[in-house]
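# Observations on chain architecture
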Amino acid sequence: MGGPVGSWFNKARAVHTPPYKRLHDYRMEHIMLGGTENLASGAQATGLPRWRQQVQYAVGHTLNDFYSLLPEVRRETPIQFLLERRWPPRGDAFPSLLQYWDIKTSVADELMRIVSSNHLQEIPVMLYEQWHVPVPALNLELSMITQLAWNSSLSGRSVNIQKFMVNGNEDIIPGFMHMANVFCHHAYGEPAETVEVFSLLDGRKYCFAGEAISLMESLDYVRLLSVFLEREVLADGSLSCSDRRNERGEANYLL
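I will try to describe carefully the structure that is included in this document.

Thresholds applied
- Residues numbered from 1 in each chain as written.
- Predicted model: local features only at pLDDT ≥ 70, side-chain atom pairs only at ≥ 80, totals over all residues.
- Heavy atoms only, no water.
- Buried < 20%, exposed > 50% of the residue type's maximum accessible area, 1.4 Å probe, protein only.
- Helix = DSSP H or I, 4+ residues; strand = E, 2+ residues; numbered from the N terminus.
- Pairing = 2+ DSSP bridges.
- Right-handed = clockwise from strand over helix to strand, strands pointing away.
- Polar contact = N/O pair within 3.5 Å; in protein donor to acceptor, adjacent residues only side chain to side chain.
- Patch = residues over 30% accessible without salt bridge, like charges linked within 9 Å, V, L, I, M, F, W, Y side chains within 5 Å.
- Areas by Shrake-Rupley, 256 points an atom, 1.4 Å probe, with all protein chains shown as cover.
- Salt bridge = Lys/Arg side-chain N within 4 Å of Asp/Glu carboxyl O.
- Core = buried A, V, L, I, M, F, W, Y, C linked by side-chain atoms within 4.5 Å.
- Contact = heavy atoms within 4.5 Å.

## Brief notes about helix H2 (residues 25-32)
For H2, the tally of buried residues reaches seven of eight residues, placing the bulk of the element in the interior. Among all positions in H2, only Asp25, Tyr26, Arg27, Met28, Glu29, His30 and Ile31 are buried.

## Let's talk about the pairing of strand S5 (residues 159-165)
Most of S5 sits out of view: seven of its seven residues are buried. A two-sided burial pattern is seen for S5, the buried positions comprising Val159, Ile161, Lys163 and Met165 on one face and Asn160, Gln162 and Phe164 on the other. As judged from the four bridges shared by strand S4 (residues 140-151) and S5, these two strands associate in the antiparallel manner. Residue Ala149 lies in a different strand from S5, and its bridge partner there is Ile161. In terms of strand pairing, S5 meets strand S6 (residues 194-199) through six bridges, oriented parallel. Along S6, the bridge assignment pairs Met165 with Ser199. With helix H7 (residues 172-188) bridging S5 and the parallel S6, this β-α-β connection has right-handed handedness.

## Overview of the environment of Ser226
Structurally, Ser226 can be placed in helix H8 (residues 215-235). In this structure the C-alpha to C-alpha distance between Ser226 and Lys21, which are 205 residues apart in sequence, comes to 9.7 Å. In this structure the side chain of Ser226 is engaged in a polar contact, spanning 2.7 Å, whose partner is the backbone oxygen of Arg223.

## Focus: a nonpolar patch on the surface
Where nonpolar side chains cluster on the molecular surface, the patch consists of Leu70, Val73 and Ile123 and spans about 250 Å² of accessible area. Here Ile123 shows up in the loop between helix H6 (97-115) and strand S3 (126-135). Looking at Ile123, the relative accessible area reads 52%, which means it is exposed.

## Thoughts on the nonpolar core
Judged by nonpolar contacts, the single largest core of 32 residues is most densely connected at Leu142, Met179 and Phe183. The set of elements that each furnish at least two residues to this core consists of H2, S3, S4, S5, H7, S6 and H8. With nine residues, the single largest contributor to this core is H7. If sequence neighbours within four positions are ignored, Met179 has contacts with Leu23, His24, Asp25, Met28, Leu142, Met144, Val222 and Leu225. Ranked by size, the runner-up nonpolar core spans 28 residues in total, among them Trp51, Trp87, Leu111 and Leu200.

## Re unusual backbone geometry
Its identity is not glycine, yet His119 carries a phi of approximately 50°, on the positive side. By the secondary structure assignment, His119 is in the loop between H6 and S3. We note that Asn139 has phi near 55°; this positive angle belongs to a residue other than glycine. With respect to the helices and strands, Asn139 occurs in the loop between S3 and S4.

And the structure:
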């Protein structure tokens, strides 16, 4: 699922929308992680080692499986059983057999810990969906893959956004936070209540209060980020972030 999102959509349906270049959050991760693969050649759209790609994919499917269940069913479903179905088979993608088992145990333990207290009675309003929203001030369309989002109980706040990473990267986290802030303001007209990033291998959680993040600061950050990404993409011969014809990289993240 996915597509245009937010209160602006119904107002804008009858109005011609100018063509904007599209800025993808996964391209931001790719560049910030130092990836050099060429998307036009069909390579992976991430700078992560192959074992991390496989683990991230397994985690994404597991969370999707788990939170697709009703809350009462989730309470009776150990997430490690769902993870077992999705976990990559042993192979040369992992540095060693020992690390294979260590990583599997660490990820399973952390997922169990998180879901044991994470919105136990709620149904997510977004679950591994890609949405895009125009940002006229930046002359671009912002595209984000929302792993988990929950309704906010606070007036003047839109949603609680959650992102799960195999290992948190301190270059990527601020970028995601600012992109999420711009996204929420333009999709809902309100900031997020919280933006949370979980780093599974080291057990860290990064939490940002939506009202504490300046929209102007986030717009400036995303503006600079879009210029930086386009320069990097052109430098390594990859697709421009404005090219909509080849989005196969997003399939590696969407379910």
